[in-house]
Amino acid sequence: MHCLRCAQPGPNTLMQTPQTYTCGRCLITPPQFDQTYSKFTYCPRMKTLIHAMKFEGDFKIATYLGQSLLTELPDRQQCPWDTLIPMPLHPQRWVQRGFNPAQWIAHAVSDTIHRPVKTNCLIKTEHTLPMSTQKNRAHTPAPKFKALTQLSGLHIALVDDVMTSGITANSAASALKQAGAMSVDLLVPVRVLKTIRN
């Protein structure tokens, strides 16, 4: 059983079902995102795939991750989102890499659920080190994002490749809600798991 908000695993309990379980941390401090859909646990195999996608530009891996994520969605033809927004890269990171893996994944999902991918709605305004290089992610300052357009009443799917602490996703979702988004769900193929929380 996994938390609906952050996708972290939780203990079996008679008080909540898999459709309603929310972990203690999300109950005490609810994140800005409303629900997380994830497929894989971060492991050596996933680390190898993510590295090949990000640093070798293997587009096929992004397609595989996006299509695999579809199996976790409630109904492919009746997904609640109005649009998919890939987690943006800071321009400096874009220049270094030349592409955005989250954008590739978003298009792989979009091809099946037939929702538009918008890449001009959200920007990252501050260059930070990748979360994967941060030893103490819980105390890493949240990256800053800015919405470039009004999203009043829209249901947004925010797409990323890997979710670690959730700090980046929380900051991005906050910017989207400040722009009027009704809800923000995370679509992230790979989730780094922590210690089970009650």
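One structure accompanies this document, and this report is about it.

Cut-offs and rules
- Throughout, a residue's number is its position along its own chain's written sequence, starting from 1.
- Local features are withheld for residues below a pLDDT of 70 in this predicted model, meaning they are given only at 70 or higher, and side-chain atom pairs are given and counted only at 80 or more; totals for whole chains, interfaces and linings count all residues.
- The side-chain numbers reported here are obtained from all heavy atoms of the structure, hydrogens and water having been left aside.
- The secondary structure listing takes helices from DSSP runs of H or I that are at least 4 residues long and strands from runs of E that are at least 2 residues long, numbered from the N terminus.
- Between buried and exposed lies partly exposed: a residue is buried under 20% and exposed over 50% of the maximum accessible area for its type, with that area taken using a 1.4 Å probe on protein chains only.
- It only takes one pair of heavy atoms within 4.5 Å for two residues to be counted as in contact.
- Methods summary: accessible areas were calculated by the Shrake-Rupley approach with a probe of 1.4 Å, and residue burial reflects only the protein chains presented.
- Two strands make a pair as long as DSSP finds a minimum of two bridges between them.
- Pairs were defined over the aromatic rings of Phe, Tyr and Trp, the Trp ring being its six-membered one, requiring ring centres within 6.5 Å. Orientation was assigned from the angle between planes: stacked under 30 degrees, edge-to-face over 60, tilted for the rest.
- By convention in this document, the label disulfide applies to cysteine sulfur atom pairs within 2.5 Å.
- The nonpolar core is taken to be a set of buried Ala, Val, Leu, Ile, Met, Phe, Trp, Tyr and Cys residues, with the residues joined through side-chain atoms within 4.5 Å.
- The term salt bridge refers to a side-chain nitrogen of Lys or Arg lying within 4 Å of a carboxyl oxygen of Asp or Glu.

### Regarding the overall build of the chain
Secondary structure assignment for the chain yields six helices and nine strands. The buried share among the 198 residues of the chain stands at 49%. Long-range contacts, defined as pairs at least 24 residues apart, comprise 77% of the intrachain contacts of the chain with a sequence gap of at least 6. For the chain, the exposed area adds up to about 10,300 Å²; of that, 53% sits on carbon and sulfur atoms.

### Quick look at the pairing of strand β8 (residues 183–187)
For β8, a buried count of five out of five residues is recorded, marking the element as mostly surrounded by other parts of the structure. With three bridges joining them, strand β1 (residues 35–37) and β8 adopt parallel strand pairing. Its bridge partner being in β8, T36 is matched across the sheet by L186. As defined by bridge partners, strand β6 (residues 155–159) adjoins β8 across five bridges and the pair is classed as parallel. Note on β8: the bridge partner recorded for A157 is D185.

### A look at the packing of aromatic side chains
Following the criterion strictly, the structure yields four aromatic pairs and no others. Geometrically, the ring pair formed by F59 and W104 is edge-to-face, given 5.1 Å between the ring centres and 75° between the ring planes. Residue F59 is located in helix α3 (residues 59–69), and its partner W104 is located in helix α5 (residues 101–113); the two are separated by 45 residues in the primary sequence. Look at F59 and you get partly exposed, because its relative accessible area is 43%. The exposure class assigned to W104 is buried, which follows from its relative accessible area of 18%. Consider the rings of F99 and W104, whose centres lie 4.5 Å apart with planes at 5°: the pair is stacked. Considered together, F99 and W104 belong to a single accessibility category, that of buried residues.

### Overview of the state of the cysteines
All chains considered together, the criterion is met by zero disulfides. C26 provides the cysteine sulfur closest to C23, a residue in no disulfide bond, and the two sulfurs are 3.6 Å apart. The exposure class of C23 is buried, given its relative accessible area of 0%.

### Focus on the nonpolar core
By size, the foremost hydrophobic cluster in this structure holds 28 residues, and its most contacted members are M53, L65, L73, W81, L84, I113 and L187. Secondary structure elements with two or more residues in this core: α2 (44–56), α3, α5 and β6. Counting 27 residues, the second largest nonpolar core, distinct from the first, contains C3, C26, I156 and A169.

### Details of the pattern of salt bridges
Charged atoms that come close allow side chains of opposite charge to pair. One pass over the structure, following the stated rule, counts three salt bridges. A salt bridge links D161 to K54; the nearest nitrogen and oxygen atoms lie 3.3 Å apart. Residue D161 is located in the loop between β6 and β7 (162–163), and its partner K54 is located in helix α2; the two are separated by 107 residues in the primary sequence.

### Some remarks on the pairing of β6
Among the five residues of β6, four are classified as buried, and the element is accordingly described as predominantly covered. Pairing of strand β3 (residues 83–86) with β6, which is carried by four bridges, proceeds in the parallel orientation. Looking at the pairing, T83 lines up with I156 of β6.

That's the geometry; what it means functionally is another story.
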